Amino acid sequence: MASILNQSTVSGHGDDVSHYQHGIPGIPTDGKVVLLKNSKLGSEAYLVGTNHISKHSAETVKKVINYVRPDVVAVELCAGRATDMNHNREYVTLFDLLCRSMSAPRGLRMKFGRFAMGFSQRQMHADDKIPGLEFKVAVEEASRVGARCSLIDQDVNLILEKVAKASSWKVIWDSLRTDGYQDTEYTRSYVKKVNILSKKHFPEFVRFYCLTL
C-alpha cells in the first residue's frame, strides 16, 4: 500500500516534547512528524506539521520524503494555489495588485480580502521569506523520488469566499498592518495561546473557519 506524506498545520517544538516515534534519523520526535499505521491494510502515512514560512519546516519535509520515498505525497494545496505559488509577488506593484483584486468576482470584502492576501505575500517575498516554501519542496521532492503528488486542499476561491464572509473589515485592515513575519517553529503552548486569543477577539471568524474549511 502507499505511504502518504501529508502537509498539515504547525505542531509542537522544543519544550513541548511528546516523543512521537517515527523512525526517521535526524528528525526530533516532538510531534511535528507523526507516523500513522493501518494494521489491517499494512499502509503507513507520515503526517508533517509545518509553519508555512519556515525554512526549517521545508528542510524537514525534504528529509522525510528522501528517507521514506513514499508512493504518494499529499500537499495542502489546490491546483490554483499550486500554479500561483510560482509567481514572485515581490515584483508586482501595489497598483497592479489592487487592480487585479478589484477585477476579481464576488463582493467588495472578497476583493479586499484578495488584496490583503496578495499584499502579505508581497511583503514576505520582499523580506526574503517564501510563503509555502515547504509546499514547493514537497512537490519538487515528490517528482525527484518518483512519488505521485496529490493536491488535497479546497479550491482557493472557495476558501477566500468563506474567509471573506467571516472576516470583519477590521480583520482585513489589521492584516495590512502586520509588521513582519517570523520564521518561527511554534510550540504547542504558543499555538494554544494564539487559539485562545483568536477565540476571544475573533470568535465568529474562528467558529466559521473551523466549521467550514
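Only a predicted model underlies this, so the values are computations on that prediction, with no experimental measurement involved. One numbering rule holds for all chains: residues counted from 1, following each sequence as written. Side-chain atom pairs in this predicted model are given and counted only at pLDDT of 80 or more, local residue features only at pLDDT of at least 70, and totals for whole chains, interfaces and linings cover all residues. With hydrogens and water set aside, each side-chain value is computed from the structure's full complement of heavy atoms.

1. Some thoughts on the overall build of the chain
Consideration 1: From N to C terminus, the chain includes nine helices and five strands.
Consideration 2: What you see in the chain, going N to C, is helices and strands ordered as β-β-β-α-β-α-α-α-α-β-α-α-α-α.
Consideration 3: The cut-offs for exposure are 20% and 50% of the maximum accessible area for each residue type, with area from a 1.4 Å probe on protein chains only; residues under the lower value are buried, those over the upper are exposed, and the others partly exposed. Out of the 213 residues belonging to the chain, those deemed buried represent 38%.
Consideration 4: Working rule for contacts: check all heavy atoms of both residues, and any pair within 4.5 Å makes them a contact. Pairs at least 24 apart in sequence give 74% of the contacts found in the chain among residues at least 6 apart. What counts as a helix is a DSSP run of H or I of at least four residues, what counts as a strand is a run of E of at least two, and both are numbered from the N terminus.

2. Structural notes on the nonpolar core
Consideration 1: By size, the foremost hydrophobic cluster in this structure holds 22 residues, and its most contacted members are Ile24, Val33, Val64 and Val73.
Consideration 2: Looking at this core, the elements that each hand over two or more residues are strand E3 (43–49), helix H1 (55–68), strand E4 (72–75) and helix H5 (133–145).
Consideration 3: At six residues, H5 tops the list of elements feeding residues into this core. For the purposes of this section, nonpolar cores are sets of buried Ala, Val, Leu, Ile, Met, Phe, Trp, Tyr and Cys residues that join through side-chain atoms within 4.5 Å.

3. A word on the pattern of salt bridges
Consideration 1: The salt bridge definition used is simple: a Lys or Arg side-chain nitrogen within 4 Å of an Asp or Glu carboxyl oxygen. Going through the model one piece at a time under the given rule, you end up with four salt bridges.
Consideration 2: Taking the shortest distance from any N to any O, the salt bridge between Arg81 and Asp153 comes out at 3.0 Å. Of this pair, Arg81 sits in helix H2 (residues 79–84) while Asp153 sits in the loop between strand E5 (148–151) and helix H6 (156–166); the two residues are 72 residues apart in sequence, bridging distant segments of the chain.
Consideration 3: On the basis of relative accessibility, which here comes to 27%, the residue Arg81 falls in the partly exposed class.
Consideration 4: One salt bridge connects Glu141 with Arg144, and the closest N-O pair in it is separated by 3.0 Å. Separated by three residues within a single helix, Glu141 and Arg144 lie in helix H5, roughly one turn from each other.

4. Here we look at the confidence of the model for the chain
Consideration 1: As a per-residue quantity, pLDDT reports the predictor's confidence and falls between 0 and 100. Across the chain, pLDDT averages 77, with 74% of residues at or above 70.
Consideration 2: For the chain, per-element mean pLDDT is lowest for strand E1 (residues 3–8), which scores 46, and highest for E4, which scores 96.

5. Re the packing of H1 against H5
Consideration 1: Where H1 contacts H5, the axes come no closer than 8 Å and their chain directions differ by 20 degrees. The orientation of H1 with respect to H5, classified from their angle, is roughly parallel. Crossing hand, H1 versus H5: right-handed. Contacts from Lys55, Ser57, Ala58, Val61, Lys62, Ile65 and Asn66 of H1 reach H5 at Leu133, Glu134, Val137, Ala138, Glu141, Ala142, Arg144 and Val145.
Consideration 2: For this classification, the nonpolar set comprises Ala, Val, Leu, Ile, Met, Phe, Trp, Tyr, Cys and Pro, the charged set comprises Asp, Glu, Lys and Arg, and every other residue, Gly included, is treated as polar. Along the lines of polarity and charge, the residues of the contact of H1 with H5 split into eight nonpolar, two polar and five charged. Helix axes are fitted to C-alpha atoms over the stretch in contact, other axes to C-alpha atoms as well, and angles between N-to-C directions run from 0 to 180 degrees. For classification purposes, an angle smaller than 35 degrees is called roughly parallel, one larger than 145 roughly antiparallel, one from 65 to 115 roughly perpendicular, and anything else oblique. By definition, any crossing whose near helix is turned counterclockwise from its far helix by less than a right angle is left-handed, and any crossing with a clockwise turn is right-handed.

6. Structural notes on the environment of Pro131
Consideration 1: Tracing the backbone through its elements, the reader meets Pro131 in the loop between helix H4 (108–126) and H5.
Consideration 2: Through-space distance from the C-alpha of Pro131 to that of Met85 is 8.2 Å; in sequence the pair is 46 residues apart.

7. Re the pairing of E4
Consideration 1: Burial along E4 is two-sided: the face carrying Val72 and Ala74 and the face carrying Val73 and Val75 are both buried.
Consideration 2: Pairing of E4 with E5 involves four bridges; the strand directions are parallel. Paired with Ala74 across the bridge in E5 is Ser150. A pair of strands is considered paired only if DSSP assigns at least 2 bridges between the two.

8. Details of the environment of Arg148
Consideration 1: Residue placement: Arg148 occurs in strand E5.
Consideration 2: Overall, Arg148 belongs to the exposed group, its relative accessible area being 53%.
Consideration 3: Separated by 75 residues in sequence, Arg148 and Val73 have C-alpha atoms that sit 6.1 Å apart.
Consideration 4: Sequence-distant contacts of Arg148, defined by excluding residues within four places in its chain, comprise Asp71, Val72 and Val73.

9. Focus: the packing of helix H3 (residues 94–102) against H4
Consideration 1: Relative to each other, H3 and H4 sit at 145 degrees, their axes nearing to 8 Å. Judged by the sense of rotation from one axis to the other, the crossing of H3 with H4 is right-handed. Counted together, Leu94, Leu97, Leu98, Ser101 and Met102 of H3 and Leu108, Lys111, Phe112, Arg114, Phe115, Gly118, Phe119 and Arg122 of H4 form the full contact between these two elements.
Consideration 2: Tallied by class, the residues present in the contact of H3 with H4 amount to eight nonpolar, two polar and three charged.

10. Concerning unusual backbone geometry
Peptide bonds are trans in most cases, and residues, glycine excluded, mostly fall at negative phi.
Consideration 1: Here Arg69, not a glycine, exhibits a phi torsion of approximately 50 degrees, which is positive.
Consideration 2: Accessibility expressed as a relative area gives 47% for Arg69, which makes it partly exposed.

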